[in-house]
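# Overview (structure and organization)
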Amino acid sequence: MSILVTGGAGYIGSHTCLELLRKGYDVVVVDNLSNSSKESLERVKKLANKDLTFYEFNVEDKEKLTEVFEKENIESVIHFAGLKAVGESVQKPLAYYYNNLVSTLVLCEVMSKFQVKKLVFSSSATVYGNPHTVPIKEDFPLSVTNPYGRTKLMQEEMLRDLVVADSEWKIILLRYFNPIGADESGMIGEDPLGIPNNLVPYITQVAVGKLKELQVFGDDYDTPDGSGVRDYIHVTDLAIGHVKSIEKLEQIEGVKTYNLGTGKGYSVLEMVTAFSEVCKKTIPYVVKARRPGDIATCYADPKLAKEELGFTAVRELKKMCEDAYRWQCNYPNGYRD
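Model, not experiment: these values are computed from the prediction.

So, how was this worked out
Residues numbered from 1 in each chain as written. Predicted model: local features only at pLDDT ≥ 70, side-chain atom pairs only at ≥ 80, totals over all residues. Heavy atoms only, no water. Domains from an automatic or database assignment. Buried area = accessible area lost by both parts, 1.4 Å probe. Salt bridge = Lys/Arg side-chain N within 4 Å of Asp/Glu carboxyl O. Polar contact = N/O pair within 3.5 Å; in protein donor to acceptor, adjacent residues only side chain to side chain. Helix = DSSP H or I, 4+ residues; strand = E, 2+ residues; numbered from the N terminus. Nonpolar A, V, L, I, M, F, W, Y, C, P; charged D, E, K, R; others polar. Disulfide = S-S within 2.5 Å. Buried < 20%, exposed > 50% of the residue type's maximum accessible area, 1.4 Å probe, protein only. Pairing = 2+ DSSP bridges.

## Structural notes on the domain arrangement of the protein
Each assigned domain of the protein is listed here: domain 1 (2-181 + 231-263) and domain 2 (199-229 + 264-306 + 316-330). Distance from the C-alpha centre of domain 1 to the C-alpha centre of domain 2: 24 Å. Summed over both sides, the interface between domain 1 and domain 2 buries roughly 2200 Å², with carbon and sulfur atoms accounting for 66% of that surface. Area buried by domain 1 at its contact with domain 2 is led by Ile-180, Tyr-232 and His-234, which between them contribute 25% of it. On the surface where domain 1 and domain 2 come into contact, there are 0 salt bridges. Here domain 1 and domain 2 share 6 residue pairs in polar contact (both at pLDDT 80 or more) between them. When residues of the side of domain 1 that touches domain 2 are traced back to their parent elements, those giving at least two are α4 (86-91), β10 (232-234) and β11 (254-260). Broken down by class, the residue content of the side of domain 1 that touches domain 2 amounts to 13 nonpolar, 11 polar and 4 charged.

## Structural notes on the state of the cysteines
Counting across every chain of the model gives 0 disulfides. In this structure Cys-17 is not part of a disulfide, and its nearest cysteine sulfur, from Cys-108, lies 19 Å away. Here Cys-17 falls in the buried class, since its relative accessible area comes to 0%.

## Examining the sheet that holds strand β9 (residues 229-230)
Pairing is mixed across the open sheet formed by 3 strands, whose spatial order is β12-β9-β14. On the outer flanks of this sheet lie β12 (266-267) and β14 (297-298), each paired with one strand and no other.

The structure is reproduced here in structure tokens:
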């Protein structure tokens, strides 16, 4: 029996595939490589010393996805595939609605056809919108401030409706906060196309000289230093959280929701300082206007995941920075090196 991982060649997906293989699972990946590289999976296989099966197409392609379920003995699914940049979603909302919603609809239709009804869904802390208080618990009111977050919330609601209609489904919604870092081997990591949308790959590219300076979007938030505060979690910890979720699927009924974070918030300027210490050089930055859809402060209450999944993020901020910097130094051009 295999785990199907959609979007498995991407940043979080590749690290999750690695942890699944290390735990002895058979893995099947579907990815259209629109924002990822097949090379990541080749390196995953080397690191795990185990093979996986890869199909290159968009999950929206129902015919091809059906063929995968016909060929492979799929037991459960981890669904990463989707567009994920907050800023881009504000500029291209229709692309986000179409890609993210249709892919999930098609996936669930095909899963239903083959009686595969166990799913771990990649959601996001963006579904909490601008929280009134922190840390954020799973039962907080849900709202969104950007199209990306709205697609995640809509997908969550679709999946909840699915369980109401068919109680055989077992679904875990993982709302993660800000994954950073890389596998400690330095062989796989975050490899954005073009100018990074996320903070840490932007910092690491400045650190290795690919970019001139970091752009800090807003220094007038209601935070200690005026820059946005986020909960940063090591991508390997996050990947392990997905493995624990696959194990948990056997024990649940209906839908369960878990935050995957550390419970600690760090500001953008604190992250700049932390990286400067790790790479032993100054990270130049310039302050820009706030980005539409961004909020001031967002960090998790991770207690429920600890209690029910047995999951705790153990890698500290220094380790996150060291691993991210090692990956960028080893492969300044990512998987194109």
